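Architecture at a glance
Chain residues, written in single-letter form:
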Amino acid sequence: MNEVLNNLSIIKKRIENSCLKSKRNSSDVKLLLATKTVLAVKIKIALEAGETLIGENRVQELAEKFEPLKAIPHQTHFIGHLQTNKIKEVIKYADCIQSMDRIELAEKLQRRLEFENKIIDVFLQVNTSYEESKFGIAPEKALDFAVKVNQLDRLNIKGLMTIGLFSAETEKVRKCFRLLKKLQQQMLEINIPVHELSMGMSGDLETAIEEGSTIIRIGTAIFGKRPYPDSYYWNENR
Ligand SMILES: *Cc1c(COP(=O)(O)O)cnc(C)c1O
């Protein structure tokens, strides 16, 4: 069997097992394919097998893969750090921006969307691990940030996103996901519609699902190892 398809079925089993363990319905956990560095031909295999959601980190890759993939119905989320000078291009290709992490970006996006008479879905990215290498709004500032973004009528808030701590210590990783869940509850109480929780990757999807994830973002476990460490894709200066 094709490696991508084989890996997909392994991931599906992992999702099912975690859902069983936490008494959740596996249809409540969506799979987003994190496709940075993956060639369109390989992504196509997954989409043709019925996957419907991909995530890109870099605007250039987002643009390059748009044409080769557009004939196959799917949604594309932007999950990388977004510089304000790339807004115009991102909204051409992405259905959702999961990495909304600062007010300056939100306001510039709002203005551009007004100009184009468009609306876009967003997730607020929170830095739950407090690592300097990771983007995302600080947890202490997240509630205030959510209130502000919620006032921007072109940004349709769908949920919260985080990258968990990279650690073999599950309980430390779990703390990140619990924090995101707690912030979600606080926001829902004041009617900010953050119904989705985008958390969990190849190494920690089980923990994320146990803590309430509704979207897991999987790259390596489906497409294999990437040529550069993740810090490369998360660093603003490259
Ligand atoms: C690359 C990436 C993922 C997927 O990571 P894997 O460990 O390869 O599954 C998820 N989320 C974001 C934001 C990413 O950049």
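Read on for an overview of the structure. Predicted, not measured: the structure shown is a model, and the values here were computed from it. Position labels on residues start from 1 in each chain and follow its written sequence. Residue-level local features of this predicted model are given only where pLDDT is at least 70; pairs of side-chain atoms are given and counted only at 80 or more, and the full residue set underlies all totals for whole chains, interfaces and linings. Side-chain metrics rest on all non-hydrogen atoms present in the structure, leaving aside hydrogens and water.

1. Here we look at the environment of Thr162
Within the secondary structure, Thr162 sits in the loop between β6 (155-161) and α7 (170-189). It is 8.6 Å that separates the C-alpha atoms of Thr162 and Ser129, two residues lying 33 residues apart in sequence. The contact rule is simple, with two residues in contact once any of their heavy atoms fall within 4.5 Å. Residues in contact with Thr162, not counting those within four places in the same chain, are Val126, Thr128, Phe177, Leu180, Ser198, Met199 and Arg217. Polar contacts here mean pairs of N or O atoms no more than 3.5 Å apart (in protein, one a potential hydrogen donor and the other a potential acceptor; neighbouring residues in sequence count only if both atoms are side-chain atoms). Polar contacts involving the side chain of Thr162 include one to the side chain of Thr128, which spans 2.8 Å. Helix and strand definitions follow DSSP, with helices as H or I runs of at least four residues and strands as E runs of at least two, each counted in order from the N terminus.

2. What to know about the packing of aromatic side chains
Aromatic contacts are taken between Phe, Tyr and Trp rings whose centres are within 6.5 Å, Trp giving its six-membered ring; a plane angle under 30 degrees counts as stacked, one over 60 as edge-to-face, and the others as tilted. The full count for this structure, using the stated rule, is one aromatic pair. An angle of 55° between the planes, with centres 5.0 Å apart, marks the rings of Phe66 and Tyr93 as tilted. You can see Phe66 sitting in helix α3 (residues 59-69) and its partner Tyr93 sitting in helix α4 (residues 87-93), a full 27 residues away along the chain. The rule is simple: take the accessible area with a 1.4 Å probe, protein chains only, and divide by the maximum for that residue type; under 20% is buried, over 50% is exposed, in between is partly exposed. Overall, the relative accessible area of 33% leaves Phe66 in the partly exposed class.

3. Details of α3
What α3 keeps buried is the set Val59, Glu61, Leu62, Lys65 and Leu69. Down the axis of α3, the sector holding all buried residues measures 145°, keeping them to one side. Elements in contact with the buried residues of α3: α2 (40-48), β2 (53-56), β3 (75-78) and α4. As used here, the arc belongs to the directions running from the helix axis to the C-beta atoms.

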